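As a plain string of letters, each chain reads:
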Amino acid sequence: MLELQCLTTGHPRPQVRWTKTSGSSVSYRFQDASVFNDTLHIAHILRHQGGRYYCKADNGLGSPAIKSIRVDVYYLDDPVITVHQSVGGETREQFYFERTVFLRCVASSNPPVSYAWRRNAHFLSQGSDKGVEIYEPFFTQGETKILKLKNLRPQDYANYTCVSSVRNVCGIPDKSAHFNLNNRTASPSIRLPVDDPLVVNPGQTVTLPCVRSGGEPLPTLRWLRGVGGAAEGEELPERSAVSGDTLTLPAITYQEGGAYSCVASNNVGNLAKKTATVLVRGLRKGRFWITPDPYHDDDHIQIGREVKISCQVEATPPEELRFTWLKNGRPLRSSERMVITHTPDPPDAAAPLGATSLDIIDLKFTDFGTYTCVASLASGAIPEVSIDVNISSTTVPPELSVPRGRSHLIVQEGDTVDLQCLVSGKPKPIILWSRVFQEVGGGASASATAGGGASSGQPGGLAAAAVAMPDGSAQTESYDGVLRLVNVSREMGGSYRCQTSQYNGFNVKPREAVIEVVVQFPPTVEPAYTEIRQGLGRAFSLNCRLLSAHPARILRYEWKLGSRLLTVGQMNERDETDYQNRALNREGYGEYTCDITNEAGAGRCTFLVTGKAYPPEFYYDTSSAVWQNRPRVYGFTLQWTQMNPDAVDRILAYRLGIRQIGKTPDSRWWEQEIPVGVDRQMGRGQLLTYNLTELIKPESYLIRLTPISRYGEGDCTERTVTYSAPINPHLREFQCGFEDEAVCLFSQDKTDSFDWTRHSAATRNTKYTPNTGPSSDRTGSKQGFYMYIETSRPRLEGDKARLLTPTFNVGSKVTHGSTTVSANPTYCFSFYYHMYGKHIGALNVLLRQKAQTVADTSVWSLSGNQGDRWRQTKINIHPTSAFQVVLEGVRGSGIEGDIAIDDVTIEEGVCKNPPSNNLRSLAPPAFSHIWQLCVILALIGCQR
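Figured I'd write up the structure that's included with this text. The shown structure was predicted, so the numbers you read here are calculated from the model rather than taken from an experiment.

**Brief notes about the nonpolar core**
Piece 1. If you look at the biggest cluster of nonpolar residues, it comprises 34 residues, and the most contacted ones within it are Phe 829 and Phe 831.
Piece 2. Aside from chain neighbours lying at most four places away, what touches Phe 831 is Leu 843, Val 845, Trp 860, Arg 871, Gln 872, Thr 873, Ile 875, Leu 887, Ile 901, Asp 902, Asp 903 and Val 904.
Piece 3. Counting residues in hydrophobic clusters, the runner-up holds 29 residues, among them Leu 332, Ile 360, Leu 363 and Tyr 371.

**Side note on the state of the cysteines**
Two cysteines whose sulfur atoms are joined by a covalent bond form what is called a disulfide.
Piece 1. In total, this model carries seven disulfides according to the counting rule given.
Piece 2. Bridging Cys 311 to Cys 373, the disulfide has an S-S length of 1.9 Å. Taken together, the residues span a long stretch of sequence, with Cys 311 in strand S27 (residues 307-316) and Cys 373 in strand S32 (residues 369-377) at a distance of 62 residues. Side by side, Cys 311 and Cys 373 carry an identical accessibility label, which is buried.
Piece 3. Each sulfur of the disulfide joining Cys 544 and Cys 605 lies 2.1 Å from the other. Handedness here is read from the sign of the S-S torsion; for Cys 544 and Cys 605, about 70°, the answer is right-handed. With Cys 544 in strand S46 (residues 540-550) and Cys 605 in strand S51 (residues 601-610), this residue pair connects regions lying 61 residues apart in the sequence. Cys 605 matches Cys 544 in its accessibility class, with the two residues each being buried.

**Remarks on the packing of aromatic side chains**
Each aromatic ring pair is described using two quantities: the centre-to-centre distance and the angle formed by the ring planes.
Piece 1. Here the structure, examined in full by the defined rule, presents 17 aromatic pairs.
Piece 2. Between Tyr 827 and Phe 883, the ring centres sit 5.8 Å apart and the planes meet at 35°, which makes this aromatic pair tilted. Highlighted residues: Tyr 827 in strand S68 (residues 827-835) and Phe 883 in strand S72 (residues 883-890), separated in sequence by 56 residues.
Piece 3. Residue classification places Phe 883 among the buried positions, given a relative accessible area of 0%.
Piece 4. Their ring planes at 45° and their centres at 5.6 Å tell us that Phe 829 and Phe 831 sit as a pair that is tilted.
Piece 5. Looking at Phe 829, the relative accessible area reads 0%, which means it is buried.
Piece 6. Each member of the aromatic cluster is reached from another via a ring pair, and the members are Phe 540, Trp 559, Tyr 579, Tyr 592 and Phe 607.
Piece 7. Over the aromatic face of Tyr 75 sits the side chain of Arg 47, whose NZ or CZ is 3.7 Å from the ring centroid.
Piece 8. Positioned above the aromatic ring of Tyr 614, the side-chain terminus of Arg 533 is 4.3 Å from the ring centre.

**A few points about the side chain of Thr 826**
Piece 1. Here Thr 826 lies in the loop between strand S67 (819-821) and S68.
Piece 2. Taking the relative accessible area as the measure of exposure, Thr 826 reaches 17% and is therefore buried.
Piece 3. A distance of 3.0 Å separates polar atoms of two side chains, one belonging to Thr 826 and the other to His 878.
Piece 4. Sequence-distant contacts of Thr 826, defined by excluding residues within four places in its chain, comprise Asn 876, Ile 877, His 878, Glu 907, Glu 908, Gly 909 and Val 910.

**Quick look at the pattern of salt bridges**
Piece 1. This model, assessed by the stated rule, comprises 34 salt bridges.
Piece 2. A salt bridge links Arg 490 to Glu 413; its shortest N-O distance comes to 3.0 Å. Linking Arg 490 in the loop between strand S41 (482-485) and strand S42 (494-500) with Glu 413 in the loop between strand S35 (408-412) and strand S36 (417-420), this pair joins segments that are 77 residues apart in sequence.
Piece 3. For Arg 490, a relative accessible area of 30% corresponds to the partly exposed category.
Piece 4. Note that Glu 526 and Arg 545 form a salt bridge whose closest N and O atoms lie 3.3 Å from each other. Of this pair, Glu 526 sits in strand S44 (residues 512-526) while Arg 545 sits in strand S46, and the two are 19 residues apart along the sequence.
Piece 5. Taken together, the shared-partner salt bridges in this structure form one network comprising Arg 119, Asp 129, Arg 153 and Asp 156.

Each value, and the rule that gives it
- As a convention, each chain's residues are numbered from 1 in the sequence order in which they are written.
- With pLDDT at 70 or above as the cut-off, local features in this predicted model cover only qualifying residues; side-chain atom pairs require 80 or more to be listed or tallied, and sums for whole chains, interfaces and linings still use all residues.
- Hydrogens and water are ignored here; the side-chain numbers use all heavy atoms of the structure.
- We define the nonpolar core as a collection of buried residues of types Ala, Val, Leu, Ile, Met, Phe, Trp, Tyr and Cys that are connected through side-chain atoms lying within 4.5 Å of one another.
- Three exposure classes are used, based on accessible area relative to the maximum for each residue type with a 1.4 Å probe and protein chains only: buried under 20%, partly exposed in between, and exposed over 50%.
- Whether two residues are in contact is decided by their heavy atoms, any of which lying within 4.5 Å being enough.
- Pairs of cysteine sulfur atoms within 2.5 Å are what we label disulfides.
- Helix numbers and strand numbers start at the N terminus; a helix is a DSSP run of H or I with at least 4 residues, a strand a run of E with at least 2.
- Paired rings are identified among Phe, Tyr and Trp, the last through its six-membered ring, by centres lying within 6.5 Å, and are further divided according to the angle between planes into stacked (under 30 degrees), edge-to-face (over 60) and tilted (the rest).
- Only when the NZ of Lys or the CZ of Arg is both within 6 Å of the ring centre and within 35 degrees of the ring normal is a charge said to sit over the ring.
- Each polar contact in these results corresponds to two N or O atoms within 3.5 Å; when the atoms are within protein, one needs to be able to donate a hydrogen and the other to accept it, and residues that are neighboring in sequence are counted only if both atoms are side-chain atoms.
- What makes a salt bridge here is a side-chain nitrogen of Lys or Arg within 4 Å of a carboxyl oxygen of Asp or Glu, nothing more.

So this is what it looks like as structure tokens:
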């Protein structure tokens, strides 16, 4: 769990926004949205979520405040050992003597990983063995460790271990990989005992075994689909199954045919891969076309000329494809006047195609009839495909046209429209619909050039480029010449082309026509809705902007206030319209609308003009908000600022509403009015105060505050007032020995480098750093608890840990017996410390007071080794408001620097009998005479 907290000050309370940049400085938006909370939580953080996180606080006053923090996500993957061999002039699979062997270890990690090699039980180092060399190749930038065994020797056959380590950061343990090198070590080899290609029938179960033929250690196998790289490939079919080393494809379909690869790996040498191609028998996509006599310009079929009938199918496997021709159901054979030819699939064909042609030379009347092209596979396992073509005096090439008045269609957005092309001819061809983007020469608009009728080739002056159809396809087939567009949108407008297909009809130049579709849609305007707050007597302006519309030439605008018409007009060159009010009166408040209309409808801008004051904003950081604390009742200081006070008329008063929480939901509100001085000019960010009294302990209250101006009531805001009893409100005495897990409500400062740890000598790890830290608590008990800072890795010199006492309230009156003193009291803060070790840093005590801003003041400091014993110090502190005491431990130059504290006490009054080491405090005593200082210094010298 990653938790980042952004501590902010400022009023109004800032809005906090979290963003992140990765290493490429690309903004990362936390699931497509920035995080607008003071605290950012990421559960189960992943390695790619490391990077620099930015906290931006903004309350509209001055410049935003920005802080950033670098987050490193530490991880260590298992290392992998791969083995390679340098064989010199000849290649051998086995590992022989006098060959150089490389063991390469790789582990992904953060921070960078360090490697160590071990042969059997002994660690290897550079120079320890003349036959061993350990180095980091330059091109891997230290991420890979390679062990080189030069001229392999008998003793090099051994068990090798690669240990990868990130030095226990974040408690990540070391990881290792093992490899046994022997004279049988060899790269993998496999074979597939099946025919290649393997031809099967649809519905048949296909079994592909993969057999290991070599490799030490034993290779692992996996199956891939496709012929890509050894580590790449498509997913296997969903119904496939891998059992052991065998791939099974049950009831195979035509779509499941293709290449299947078995890949073997044992981390020695290169991967081994064998591929088998599975061909599933099938006949698909039967088509035909009729070619008139190519030596004449006329596309019609005429007696005495040549006619060619062709048909084509997609066949698997192509070598099994067989064609036969029939005339009126009787078999045809090739002759001088009827020539039958078969054409293999072209070398650049994407699919296995086969074609056949029947040339009828010198067409006679007796040649009219139905010709059938029959495609089959030699195995007979697949049903035949028959294509009938009728040749007669009525067989004519196609003609294409658009119905009158249907070449330029104007539709409304959301309508359904049919685009129609009329086609004649026998046989009647399929119509192909496509969409074109047309650029018109000469500066004319596309819509102005759209016309009707058929055309062969591109219309004059147009350069067309392909555009996807509304369904995303390149083109759509239609057998009746109709293309239906449902729920037309403005993006679907443009030019649509219909043309005769070059198959299942005449093999002639396609006939085509273009239909222009114009989609009308109402104006899109902005702003759709906005609220304007304005004071009486002031001027304001409303602006409605046109974003898009069709048609865009004839546009009319109409301004209204409620149902009252204000102004109308035509929009000319400008794409916006304004309404001006030079002096707002009470009748001018209300909802203004601006309608911009065309033939398709209207777009509306709405403006709510109001004199309501903005809501107040409560101030939550009031120092000592509970200002009155009597046995049964308490008082609360309520503070707030007014949002944008200058936007509307001056605030005259606030209506305060109070309701006790926890009573019946319909409990009554108690209300009163808080007047604001007539001559008081309220500024932005100005803090207003009102004291609530006689609130019943320990009840909570819902507070509602509503601003009132001469317009009337503004927007209200609410908050909850909760009574929280202060800890030891008069500070008779506070003691804590850290024996309870709650540690007396002490807390860790979230802005420091690390935390204090609660421990006892009985539970402390026996492997802790020696020669530092206490061996018992302050009383000498090994069962007793204390707080200490652990200075071992990953702690660095200067790292700080801060422990905070609970918050204590300071009253303006302090009672001593029967005497009440109206002054800020003095408190004695005392504790025991243990600072033993040659790397001891420093222990600091700071006084943190809660005011408009939180301030820390240093009141005591001590550094260096103080010996293996507990010592006590007492410090006089003089808080003027609610306060906390901060105990700050600073890590020294090494790991022998543990600092511990125990038995913390805060007492009312001046410290009695402070220990002599209190002279090390940063707040030295004030000596009234020089002789007093001399005497004390002399006494210190005697003690030493």
